[in-house]
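# Examination of the molecular architecture
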Amino acid sequence: MLHQLEGSQAIARSVALCRPNVVSAYPISPQTHILEGLEGLVRSGKLESCEYMNVESEIGAISVALGAESAGARSYTATSSQGLLHMMEVVYNVSGLELPLVMTLGNRAVGAPINIWNDHSDAMAARDAGWLMFFAETNQEAVDLHILAFRIAEETQCPVIVNVDGFILTHAYEQVDLPSQDQVDEFLPPYKPNTSLTVDNPMAIGAMVPPEYFMEVKHLAHRKQEQALEAIENLGNDFYNKFGRNSGGLVHGYAIQEAETVVVTMGSVAGTIKDVVDELNREGMKFGELSICCYRPFPVSAIVSALKNARKVIVVEKSLAIGLGGILSREIELALNGLDVQMVSVVAGLGGRNITKAMLKECFLKKSSGEVTFLGLDEKLVNSNIGSGL
Amino acid sequence: MSNYTIGGGFSGENATVQSAHDRPNTITSGHKACQGCGEALGARCVLDAAYRLTGGKIVVVTATGCLEVFSSVYPENSWNVPWIHSLFGNAPAVASGVAAAFRRLGKEDVRVIAQGGDGAIADISMGCLSGMFERNDDVLCVCYDNQAYMNTGVQRSGVTPSFARTATTLPNGVYFGNEERTGKNVPKIAMAHGIPYVAMGSVGNIRDLEQKVVRAMGIRGARYIHVHVPCPLGWGYPTSETIRVARLAIRCGLFPLFEAENGKVVGSTPIEDQVPVEDYLRTQRRFAHLFGKNAPVNALESLQNMANENIDEYRLVGGLAHE
């Protein structure tokens, strides 16, 4: 059914349709409206059999969710930015314990300087933490990805982070199609944990693992993520068949068949990029766009397959590895190793800096210097600081 | 282990769970704890009593530390109960999550116990612990207090007592151990949250400790038991002396055994045979610098004053009877 909803409310309603038993969250902008929405649904009785836990910190939020998941309850949490960093020790722990927790990350910059606006620095801090990571392009996809996330998490025994651009999606009112409870129930069966804390079959979870076994444990985690690629692709197809929407899966290509230049990105900025691609193609050029929906596991084959005919690949990313440059662009470059393709790395939108069509168009048409481009950088301000010895 | 050393020299209703031939053995033998480990003994007493009372319906959340390391190195495991270890700093929150799950899954008959050493519970989990108390989650949290970070090599913790030598408070003739610090009083912090039940127990009085566990398990909501567990390695005494050292701590008044309900002290375990603090301190190398040639002048007096204050506050001598 179609609703005009704020992104966060839509996500809250989507999570509620997945019937979590325990929701535990600590407020941080821009994630707050999601947890307010869920708390409201629990208090009003619309989300039954769910415990909403107001906790004292993000480490508490995810630890409560970890405990609940280990006791056999479908559990959920949400955070942003500093909150994710405050959780980080537990983030690694959840995946190490193979607990299929689902978390929404309302993507926001990481300080200092403190900044509440959108970029993907927080997500990138969790990229090696053993979670599956999806990026939503629209609020509709955010709704759909949460339903997929619970199914994929529980099927693969891997936790999932659903990345949703802070403010740009979380606070935007858009029309979304919320599936019915029956539809979701049919797609997402009740949670049957592989292992849980039960007196019928006492088990120790979280043993110390010495050097003789540790490498094997980590290798298996890696293999499991690689195998998850197939499950993610298949469940994306299942989702399309049941709900009629092409949400989820590994990558989404736009005008990619004939494209000589493909712009690769993640999250909501794909919409703006597609508009620019359309404009450029109307002007007779051959541009395409590729959105990485599944960022972890990194879908190398799907990316190579989508980009193998491109002569130039421009990666636009909202993150920066200080001291290295782009993060996604390096990963794409590695995936395309051996292909005759020119790579351009564009860092854009850090700390909520506007990304306009004009800026993107100019950038896409510019001859690349081989250096990382910082889109919309105030060169004068930067140079004046460099001049004064940084 | 004789009945006497585990405090079980009674029969019938007065017998301890530990003295029973069919004690539950929640943590079974073969683990890697040091000889004479007070924490291993404390954990087994607490969990066996809870297991007996609930008919085995307990789930145990253990923080990182000696207790976790000596009991659960893969592929071995000493726990005969459903058990989870997540991290050093989050056991109370993980336990809150387990309890929330059981509430929603209709398994409220299964009770949740969070446990860890003083480094875990009193220091690094303090935020999560306070949150669990404040929400009054149905969790019993047990802190096995050996008064330093033993697992990492005896560094000072927030509950290390005055003047104690640790690896990070070494006496050197100028400094005298953990000076001018009295140790964080976690039971009082717990009481300030107004939770239904708080107690201090000791492996020096197993029967008293077991009774406190039974009381705690008879109540729903957030409960806290702080258990004194001497550490032969960290404190510097022979491994055969754990119980004697624990008992001297009780008898001198430095470790008062009391119970509190809803933020108010409701009873204490009287000291039957009071001794000066010196009798307790002299048993341990961590206090040896208080007796040498260059001993600090006021240390003994200061520690005796602390014991006296406890004795007054909890009426440990000739005062409040155990309710």
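Our structure is the block above this text.
Cut-offs used in this document
- Residues numbered from 1 in each chain as written.
- Chains lettered and ligands numbered in written order.
- Predicted model: local features only at pLDDT ≥ 70, side-chain atom pairs only at ≥ 80, totals over all residues.
- Heavy atoms only, no water.
- Helix = DSSP H or I, 4+ residues; strand = E, 2+ residues; numbered from the N terminus.
- Rg over C-alpha atoms; globule rule 2.2 N^0.38 Å.
- Buried < 20%, exposed > 50% of the residue type's maximum accessible area, 1.4 Å probe, protein only.
- Contact = heavy atoms within 4.5 Å.
- Areas by Shrake-Rupley, 256 points an atom, 1.4 Å probe, with all protein chains shown as cover.
- Lys, Arg positive; Asp, Glu negative; His and termini not counted.
- Charge placed at Lys NZ, Arg CZ, Asp CG, Glu CD.
- Buried area = accessible area lost by both parts, 1.4 Å probe.
- Salt bridge = Lys/Arg side-chain N within 4 Å of Asp/Glu carboxyl O.
- Nonpolar A, V, L, I, M, F, W, Y, C, P; charged D, E, K, R; others polar.
- Phe/Tyr/Trp six-rings, centres within 6.5 Å; stacked < 30°, edge-to-face > 60°.
- Right-handed = clockwise from strand over helix to strand, strands pointing away.
- Pairing = 2+ DSSP bridges.
- Arc of directions from axis to C-beta.
- Axes fitted to C-alpha atoms, helices over the stretch in contact; angles between N-to-C directions.

The subject of this paragraph is the overall build of chain B. Across its full length, chain B carries 11 helices and 8 strands. Its C-alpha atoms give chain B a radius of gyration of 19 Å, within 12% of the compact-globule value 20 Å for 323 residues. In terms of its C-alpha atoms, chain B occupies a principal-axis envelope of roughly 65 × 45 × 40 Å. In chain B, which comprises 323 residues, the proportion classed as buried is 59%. Of the contacts made within chain B by residues no fewer than 6 positions apart, 71% connect residues no fewer than 24 positions apart. Approximately 12300 Å² of chain B is accessible, and the part contributed by carbon and sulfur atoms is 49%. Of note, chain B has its 29 positive side-chain charges centred 3 Å away from the centre of its 30 negative side-chain charges.

Contact residues are listed per partner, giving 37 residues for chain A and 38 residues for chain B. Carbon and sulfur atoms supply 66% of the area that chain A and chain B bury against each other, a total of about 2900 Å² over both sides. Contact with chain B buries area across many residues of chain A, yet Leu197(A), Val199(A) and Met208(A) alone supply 20% of it, more than any other trio. At the boundary of chain A and chain B, one finds 3 salt bridges. The partner of Glu56(A) in a salt bridge is Arg135(B), and the shortest N-O contact between them spans 3.0 Å. Within the residue set of the side of chain A that touches chain B, elements represented by two or more residues are strand E3 (51–54), helix H3 (58–70), helix H4 (81–96) and strand E9 (204–205) of chain A. Among the elements that make up the side of chain A that touches chain B, the one with the highest residue count is H3(A) (8 residues). When the residues that make up the side of chain A that touches chain B are grouped by side-chain class, the tally is 23 nonpolar, 11 polar and 3 charged.

Right, let's get into the packing of aromatic side chains. Working definition: an aromatic ring pair is given by the centre-to-centre distance plus the angle between the planes. All names here are of chain B. In this structure the tally under the stated criterion is 14 aromatic pairs over all chains. On the numbers, 6.2 Å between centres and 75° between planes, the contact of Phe-88 with Tyr-149 is edge-to-face. You can see Phe-88 sitting in the loop between strand E2 (83–85) and helix H3 (91–104) and its partner Tyr-149 sitting in the loop between strand E4 (139–145) and helix H6 (186–192), a full 61 residues away along the chain. Geometrically, the ring pair formed by Phe-258 and Tyr-314 is stacked, given 4.2 Å between the ring centres and 10° between the ring planes. Of this pair, Phe-258 sits in strand E7 (residues 258–261) while Tyr-314 sits in the segment after helix H11 (299–313), and the two are 56 residues apart along the sequence.

Now for the pairing of strand E2 (residues 22–25) of chain A. Residue and element names in this part refer to chain A. Burial of E2 is two-sided: the residues Val-22 and Ser-24 facing one way and the residues Val-23 and Ala-25 facing the other way are all buried. Where the polypeptide runs from E2 across helix H2 (residues 32–43) and back to E3, its parallel neighbour, the crossover connection is right-handed. Bridging between E2 and strand E4 (residues 75–79) involves 2 bridges; their strand directions are parallel. Along E4, the bridge assignment pairs Val-22 with Ser-75.

Once that is clear, we can look at unusual backbone geometry. A cis amide bond, omega 0°, links Ser29(A) with the succeeding residue Pro30(A). Turning to its location among the elements, Pro30(A) is positioned in the loop between E2 and H2. Arg296(A) connects to Pro297(A) through a cis peptide bond whose omega is 0°. Structurally, Pro297(A) can be placed in the loop between strand E13 (294–296) and helix H10 (300–307). A positive phi is found at Gln157(A), a non-glycine position, where the angle reads about 55°. Non-glycine residue Asn25(B) carries a positive phi angle of around 60°. With respect to the secondary-structure elements, Asn25(B) resides in the segment before helix H1 (38–54). Taking relative accessible area as the criterion, Asn25(B) reaches 24% and is therefore assigned partly exposed.

The next point concerns helix H11 (residues 328–335) of chain A. All names here are of chain A. What H11 keeps buried is the set Leu-328, Ser-329, Glu-331, Ile-332 and Ala-335. Along the axis of H11, the buried residues cluster in a sector spanning 160°; they form a single face. The secondary structure elements touched by the buried residues of H11 are strand E11 (261–265), strand E12 (287–292), E13, H10, strand E14 (312–317) and strand E15 (342–347).

Note that Arg151(A) resides in helix H6 (residues 139–156). With sequence-adjacent residues up to four places away left out, Arg151(A) is seen in contact with Phe187(A), Leu188(A), Pro189(A), Leu235(A) and Asp238(A).

Here the focus is the environment of Ile332(A). All names here are of chain A. With respect to the element layout, Ile-332 can be found in helix H11. Owing to a relative accessible area of 0%, Ile-332 belongs among the buried residues under this scheme. Beyond its immediate stretch of four places on either side in the chain, Ile-332 contacts Val-264, Ile-292, Phe-298, Ile-303, Leu-307, Val-313, Val-315 and Met-343.

It is worth spelling out the sheet that holds strand E6 (residues 132–135) of chain A at this point. All names here are of chain A. Taken in spatial order, the 7 strands of this open sheet run E3-E2-E4-E5-E7-E6-E13, and their pairing is mixed. Whereas interior strands pair on both sides, the edge strands pair on one side only; in this sheet they are E3 and E13. Strand-to-strand twist in this sheet, taken as the mean axis angle between neighbours without regard to direction, amounts to 20°. As judged from the 6 bridges shared by strand E5 (residues 102–107) and strand E7 (residues 160–165), these two strands associate in the parallel manner. Bridge pairing in E7 places Asn-107 opposite Asp-165.

Another aspect to go through is the pattern of salt bridges. Residues and elements named next belong to chain A. Applying the stated criterion across every chain, the model contains 33 salt bridges over all chains. Across the pair Glu-279 and Lys-357 runs a salt bridge whose closest N-O atoms are separated by 3.4 Å. On the criterion of sequence distance, the pair formed by Glu-279 in helix H9 (residues 269–282) and Lys-357 in helix H12 (residues 357–365) is long-range, its members being 78 residues apart. For Glu-279, a relative accessible area of 22% puts it in the partly exposed group. A relative accessible area of 37% places Lys-357 in the partly exposed class. Three or more residues are tied together by salt bridges with common partners; here these are Arg-127, Asp-128, Arg-296 and Glu-331.

Time to look at the packing of H3(B) against helix H5 (residues 126–135) of chain B. All names here are of chain B. At a minimum axis distance of 7 Å, the contact between H3 and H5 shows a crossing angle of 35°. On the side of H3, the interface is formed by Pro-92, Ala-93 and Ser-96, while H5 contributes Cys-128, Leu-129, Met-132 and Arg-135. Residues belonging to the contact of H3 with H5 are distributed by class as follows: 5 nonpolar, 1 polar and 1 charged.

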